[in-house]
Amino acid sequence: MNKDLTKGEPQKVLLAFCLPLFGSIIFQQLYNIADSLVAGKFIGNNALAAVGNSYEITLIFIAFAFGCNIGCSVVAARLFGARRYSEMKTAVYSTLIAAAVLCALLMALGIVFCGDLLELIDTPPEVMEDSKLYLDIYILGLPFVFFYNIATGIFSALGDSRTPFVFLACSSIANIGVDILFVAGFNMGVDGVAWATFICQGISCVLALVVVFRRFFGIQTAERAKAFSWKLLGEVAVVAVPSILQQSFISVGNIVIQGVINSFGTAAMAGYSASIKLNNMVISAFTTLGNGISSYTAQNIGANDIERVRRGFKAGVKIIWSLCLPIVIVYLSCTRWLVYIFLDSSDGTQAAKIGMMLLWIVAPFYFVVSLKLVADGVLRGAGYMTQFMAATFTDLILRVILAIVLSKTGLETTGVWLAWPIGWTIATVMSLIFYRAKIHKRNDTVLTPETIPGE
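Overview of the structure. (Residues numbered from 1 in each chain as written. Predicted model: local features only at pLDDT ≥ 70, side-chain atom pairs only at ≥ 80, totals over all residues. Heavy atoms only, no water.)

### What to know about empty space enclosed by the protein
Here's step 1: For the structure on display, the rule yields three cavities of 30 Å³ or more.
Here's step 2: The computed volume of the second largest cavity comes to approximately 50 Å³.
Here's step 3: Surrounding the second largest cavity, Tyr134, Ile137, Tyr138, Gly141, Ala194, Thr197, Phe198 and Gln201 form its lining.
Here's step 4: If one sorts the elements of the lining of the second largest cavity by residue count, helix α7 (residues 190-217) sits on top with four residues.
Here's step 5: Classifying every residue of the lining of the second largest cavity gives five nonpolar, three polar and no charged. (1 Å grid on protein atoms, 1.4 Å probe; cavity = no way out; pocket = protein on both sides within 12 Å on 5 of 7 lines; lining within 4 Å. Points joined across faces, edges and corners; volume = space filled by probe spheres on them. Helix = DSSP H or I, 4+ residues; strand = E, 2+ residues; numbered from the N terminus. Nonpolar A, V, L, I, M, F, W, Y, C, P; charged D, E, K, R; others polar.)

Laid out in structure tokens, this is it:
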């Protein structure tokens, strides 16, 4: 059901809208977590290392899909809030056409250069073949990744976060079952893990597109929407390109960090692969909540109500911190059990110690980075992309440089882990400064077209 985010008490509206988003990203992360779990438990730690090693490269492709998602979502939400439904449809159609071209290009580049990327990050010979196999199959499924992300972006723009949650919950649970069937039942290796993900993502993508377009076509417009508009695609690109660059640079940074980890051997790779899945699940969930706040902000910007945006920021912080508390408690108190979900207990002792240290260091700082992601969500939804990018790149650059430097000081992998909280803290301060300057301290309570970023 479509939901107008410009009406109702902000905290209740955001809670109802964002909680399904939180659940959705948890299930989205289950795709890769299931791959890692089955690889580590049923194949071995080398397979776990291969899946984790490949995952950092898949994040580059996901960055482009995410950019299409958030660009389409923010612009469509702004037009939906302004009741400009014909233009909203045209913006979506334009995004789909551009995304199809972009996806085809990335698939071609991926097939040609993924092997080179694996060599660039010093992938050990014992996991190279499995890493390449996993990536090759993943690239074949890129259209599903792209169009599913755009579909969920449309759902978010229309204020509906429950429908994509249902799709993801079903497909993620199915993915776990198919993973086990292919690997344990059919004695397949890493290729079984990859094909299971391919099949389940494909089914969820097709179903999501069918439902979202049935909903979409039900919105009546005074005139027939155009199939393509360079102007509206440009507005989508204003949000999408910085988001793609943000995620791409994060992915490149993660690849550099993966290279640093690889230099410490397979045990470090396996421990990192296990713990980074747990970390990424939390950060991705918080990022998705930030995206929900972007949709909320964009709808209210379209409705010219900046005071409601400010109230939404406060409500967003309350919601995300209430989710932070139990996560931090569980991650700090159940660390060994969580890491051993992925590792073979017979040969994962050293890997487990390395992975546990990562969670012990970063988990307390989830309160800090979550605050940044709420502020970033408001900045992006309001169209302040320069400020959003500045804070994000500061975090990334600091983490990469510190990871390289601190790993050479005798701290080894612990030095790499320390880079996370330092980068998060500095970038959070920047995001809050930008939020206060651009949103919080504004004297007007209603935006005019001349003051709306991107108009």
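Still to come is the rest of the account.
### Topic: the packing of helix α6 (residues 162-185) against α7
Here's step 1: Two numbers describe how α6 lies on α7: the axes approach to 8 Å, and their chain directions differ by 160 degrees. Classed by the angle they form, the pair α6 and α7 counts as roughly antiparallel. Along this stretch, α6 crosses α7, giving a crossing that reads as right-handed. Contact residues: Thr163, Phe167, Ser171, Ala174, Asn175, Val178, Asp179, Phe182 and Val183 in α6; Gly192, Val193, Trp195, Ala196, Thr197, Ile199, Cys200, Ser204, Leu207, Ala208, Val211 and Arg215 in α7.
Here's step 2: Here the contact of α6 with α7 is composed, by residue class, of 13 nonpolar, six polar and two charged. (Axes fitted to C-alpha atoms, helices over the stretch in contact; angles between N-to-C directions. Parallel < 35°, antiparallel > 145°, perpendicular 65-115°, else oblique. Left-handed = near helix turned anticlockwise from the far one by under 90°. Contact = heavy atoms within 4.5 Å.)

### Structural notes on the packing of aromatic side chains
Here's step 1: For the structure shown, the criterion picks out 13 aromatic pairs.
Here's step 2: Ring geometry for Phe286 against Tyr366: centres 6.5 Å apart, planes inclined by 80 degrees, an arrangement best described as edge-to-face. Of the two residues, Phe286 sits in helix α9 (residues 266-302) while Tyr366 sits in helix α13 (residues 366-381), which places them 80 residues apart along the sequence.
Here's step 3: Phe286 sits in the buried class, given a relative accessible area of 0%. (Phe/Tyr/Trp six-rings, centres within 6.5 Å; stacked < 30°, edge-to-face > 60°. Buried < 20%, exposed > 50% of the residue type's maximum accessible area, 1.4 Å probe, protein only.)

### Looking at α9
Here's step 1: Between the first and last C-alpha of α9 there are 51 Å, a value that for 37 residues agrees with the 54 Å anticipated at 1.5 Å per step.
Here's step 2: Along α9, 35 of the 37 residues are buried, which leaves the element largely enclosed by surrounding structure.
Here's step 3: Trailing α9 by a residue or two, Asn304 shows a phi angle of about 65 degrees, which is positive. (Expected span 1.5 Å × (residues − 1).)

### Some details on the side chain of Thr392
Here's step 1: Structurally, Thr392 can be placed in helix α14 (residues 385-407).
Here's step 2: Of the residues examined, Thr392 reaches a relative accessible area of 2% and is grouped as buried.
Here's step 3: A polar atom in the side chain of Thr392 sits 3.0 Å from the backbone oxygen of Phe388.
Here's step 4: Look past the residues within four positions of Thr392 in its chain and what remains in contact with it is Gln246, Ile250, Lys372 and Asp376. (Polar contact = N/O pair within 3.5 Å; in protein donor to acceptor, adjacent residues only side chain to side chain.)

### Things to note about the environment of Ile176
Here's step 1: Here Ile176 is to be found in helix α6.
Here's step 2: Of the residues examined, Ile176 reaches a relative accessible area of 31% and is grouped as partly exposed.
Here's step 3: Each C-alpha atom of the pair Ile176 and Phe342 lies 13 Å from the other, and the pair is 166 residues apart in sequence.

### Describing the environment of Glu307
Here's step 1: Along the chain, Glu307 falls in helix α10 (residues 306-333).
Here's step 2: Looking at Glu307, the relative accessible area reads 33%, which means it is partly exposed.
Here's step 3: It is 8.9 Å that separates the C-alpha atoms of Glu307 and Ile439, two residues lying 132 residues apart in sequence.
Here's step 4: For Glu307, the side chain forms a polar contact with the side chain of Arg310, separated by 3.1 Å.

### Observations concerning the nonpolar core
Here's step 1: Grouped together as the largest cluster of nonpolar side chains are 74 residues, with contacts concentrated most on Phe286, Tyr331, Leu343, Tyr366, Trp417 and Trp420.
Here's step 2: Considering every element that reaches this core, the biggest residue donor is α9, with 16 residues.
Here's step 3: Apart from residues no more than four positions distant in its own chain, Trp417 is found in contact with Ile261, Tyr272, Ile354, Met357, Leu358, Ile361 and Val362.
Here's step 4: The next biggest cluster of nonpolar side chains, apart from the first, holds 64 residues, and it includes Phe66, Cys103, Phe216 and Val236. (Core = buried A, V, L, I, M, F, W, Y, C linked by side-chain atoms within 4.5 Å.)

### Notes on a nonpolar patch on the surface
Here's step 1: Side chains of Val252, Val256, Ile397, Ile401, Ile404 and Val405 sit close together on the surface and give an oily, nonpolar patch of about 460 Å² of accessible area.
Here's step 2: Contributing elements (two or more residues each) for the nonpolar patch: α8 (230-262) and α14.
Here's step 3: When residues in the nonpolar patch are grouped by element, the largest group, four residues, is from α14.
Here's step 4: Its location among the elements puts Val252 in helix α8.
Here's step 5: Given the relative accessible area of 43%, Val252 is considered partly exposed. (Patch = residues over 30% accessible without salt bridge, like charges linked within 9 Å, V, L, I, M, F, W, Y side chains within 5 Å. Areas by Shrake-Rupley, 256 points an atom, 1.4 Å probe, with all protein chains shown as cover. Salt bridge = Lys/Arg side-chain N within 4 Å of Asp/Glu carboxyl O.)

Any functional reading would require information that these geometric values do not contain.
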